[in-house]
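Observations on chain architecture
The residues making up each chain are set out below.
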Amino acid sequence: MAGNNQTSFDTLVVHAGRAIDPQTGAVSPPLHLSSTFARDPSGELLGDHVYGRYGNPTRDRLDHCLASLEGAAAALTVASGCAVAHLLFSTLSQGDELVVSHDMYFGIRHLLQQLGGRFGVTVTALDLANDDGVAVALARRPRIVMCESPTNPLMQIIDLARLAERCRTAGSSLVVDNTMATPVLQQPLSLGAHLVMHSTTKYLSGHSDLIGGALLTADEDDPTWQRVQEVRKVTGAVPSPFDSWLLLRSVATLALRVERQVDNAEALAPWLAAHPKIDRVLYPGLSDHPGHDVAAAQMRRPGAMLSLLVAGGLEGAKRFSAALDLIVRATSLGGVHSLAEHRKPVEGPLSTTPDNLVRLSIGIEGVDDLRADLASALDAV
Ligand code: PLP
């Protein structure tokens, strides 16, 4: 089914990329494992595919589905979210500048800064919610500006339409990592971003059972897009057919899962904010969040990620985290299970994340059970 303006998002998640198989009538899309595709005696290909690194019918369905969900002209999927960042970096040349948000997934910022040092690309980390700093950086005309909104783990909100317009004026490409918001809640291409990326490992897969990444464009003629397609083809950081199939299957419940996760997060956030063992809750759905109004304008709902600043500093956060029982202590986010992560020990000595920050990825469990688990863990602080 082709996406169009009349088709609702709830319908797209179920139907996009999942046309009934014309050969068998199968409702669940076929999983094509073949790594190579045959030619006839004259050398003509029998179908549309050549070789699994270049393309695969199951992966094509996934790419088509994700493009529909983000309102994109095209999508390409790769083996992880970090592989998307690596692909983007590979489009830069010595002397180029890449601006990244000072708060974003730590692993990607670290990867880009390390690569920048080795290949003569300046990687500048900046508070992209602060207008003055952005103006100075954009005056240098960086090739790429990369951010998340909400940011991970500080949950800052960046005005994406405003930043996109300023990037366009400067001739810079804005890449928005939409992993935390998901296309259910926010569609950065419609706000003017050039490219959108995802760690599909998170909400899009939603069951903590695969690693993947995606990049999407509003314009297939965009030079950065052309280059990443070529690099993916020749380097081969592609998702396996099975992971592509599994992700396509999982996306069918994306809207249902995210709405339920946000219901739970919205119920828990004010209760946590009023709790005496919590110094502060960072959640754009709370009216005292500095980005609340911008979030309300650019997101349909405020998401299901909360960062807690636990009373008692590093020790308080350690005790809280250790006392959780139902909520799983694990890295990652976006799955059906609620997860908690005390970020400082994970990010290590270079981390600028507050010592007492525990990030919660709220799942689809019963909200009373989640509240009871959080209450008993806070009693231990
Ligand atoms: N983007 C965000 C917002 C993330 O949280 C992560 C991982 O935690 C990534 C990208 C990297 O994705 P992956 O782990 O799939 O490489």
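Residues numbered from 1 in each chain as written. Predicted model: local features only at pLDDT ≥ 70, side-chain atom pairs only at ≥ 80, totals over all residues. Heavy atoms only, no water.

It is worth spelling out empty space enclosed by the protein at this point. To find leftover empty space, one rolls a probe the size of a water molecule over the atoms. Considering all chains together, one arrives at one cavity of 30 Å³ or more under this definition. Here the largest cavity is characterised by a volume of approximately 40 Å³. Taken together, Leu62, Thr77, Val78, Thr200, Leu210, Ile211, Gly212, Gly213, Pro239, Asp243, Ser244 and Leu247 make up the lining of the largest cavity. Elements that contribute at least two residues to the lining of the largest cavity include exactly β1 (74-78) and α9 (241-251). Class assignment of the residues belonging to the lining of the largest cavity gives a composition of six nonpolar, five polar and one charged. (1 Å grid on protein atoms, 1.4 Å probe; cavity = no way out; pocket = protein on both sides within 12 Å on 5 of 7 lines; lining within 4 Å. Points joined across faces, edges and corners; volume = space filled by probe spheres on them. Helix = DSSP H or I, 4+ residues; strand = E, 2+ residues; numbered from the N terminus. Nonpolar A, V, L, I, M, F, W, Y, C, P; charged D, E, K, R; others polar.)

Right, let's talk about the state of the cysteines for a bit. Scanning the entire structure with this criterion turns up zero disulfides. For Cys147, which is in no disulfide, the shortest distance to another cysteine sulfur is to Cys167 and amounts to 7.9 Å. (Disulfide = S-S within 2.5 Å.)

Attention shifts here to the site of the ligand. Around the ligand, the structure places 14 residues, and the nearest of them are Cys82, Asp177, Ser199, Thr201 and Lys202. Within the backbone of Cys82, a nitrogen or oxygen atom sits 2.8 Å from an oxygen atom of the ligand. A distance of 2.8 Å separates an oxygen atom of the ligand from a polar side-chain atom of Ser199. In the complex, 92% of the free accessible area of the ligand, which totals 390 Å², lies under the protein chains. (Near = heavy atom within 4 Å. Polar contact = N/O pair within 3.5 Å; in protein donor to acceptor, adjacent residues only side chain to side chain. Areas by Shrake-Rupley, 256 points an atom, 1.4 Å probe, with all protein chains shown as cover.)

Another aspect to go through is the side chain of Arg61. Looking at the element boundaries, Arg61 is found in helix α2 (residues 57-70). The side chain of Arg61 is buried and forms no salt bridge, while Asp21, the nearest opposite charge, is found at 4.7 Å. Within the structure, the side chain of Arg61 is placed 3.0 Å from the backbone oxygen of Gly17, a separation counted as a polar contact. Ignoring any residue separated from it by four or fewer positions in sequence, one finds Arg61 in contact with Gly17, Arg18, Ala19, Asp21, Pro29, Pro30 and Leu248. (Buried < 20%, exposed > 50% of the residue type's maximum accessible area, 1.4 Å probe, protein only. Lys, Arg positive; Asp, Glu negative; His and termini not counted. Salt bridge = Lys/Arg side-chain N within 4 Å of Asp/Glu carboxyl O. Contact = heavy atoms within 4.5 Å.)

Scanning the model with the defined rule gives 12 salt bridges in all. We note a salt bridge from Glu315 to Lys318, for which the minimum N-O separation is 3.7 Å. Residue Glu315 and its partner Lys318 are both found in helix α12 (residues 313-323); the two are separated by three residues, about one turn of the helix. Using a relative accessible area of 39% as the deciding quantity, one classes Glu315 as partly exposed. Arg359 is the salt-bridge partner of Glu341, the closest N and O atoms lying 3.6 Å from each other. Here the residue Glu341 occupies a position in strand β11 (residues 339-342), and Arg359 occupies one in strand β12 (residues 357-361), the gap between them amounting to 18 residues. Judged by its relative accessible area of 3%, Arg359 falls in the buried class. One network of salt bridges, with partners in common, ties together Glu259, Asp263, Glu266, Arg300 and Arg301.

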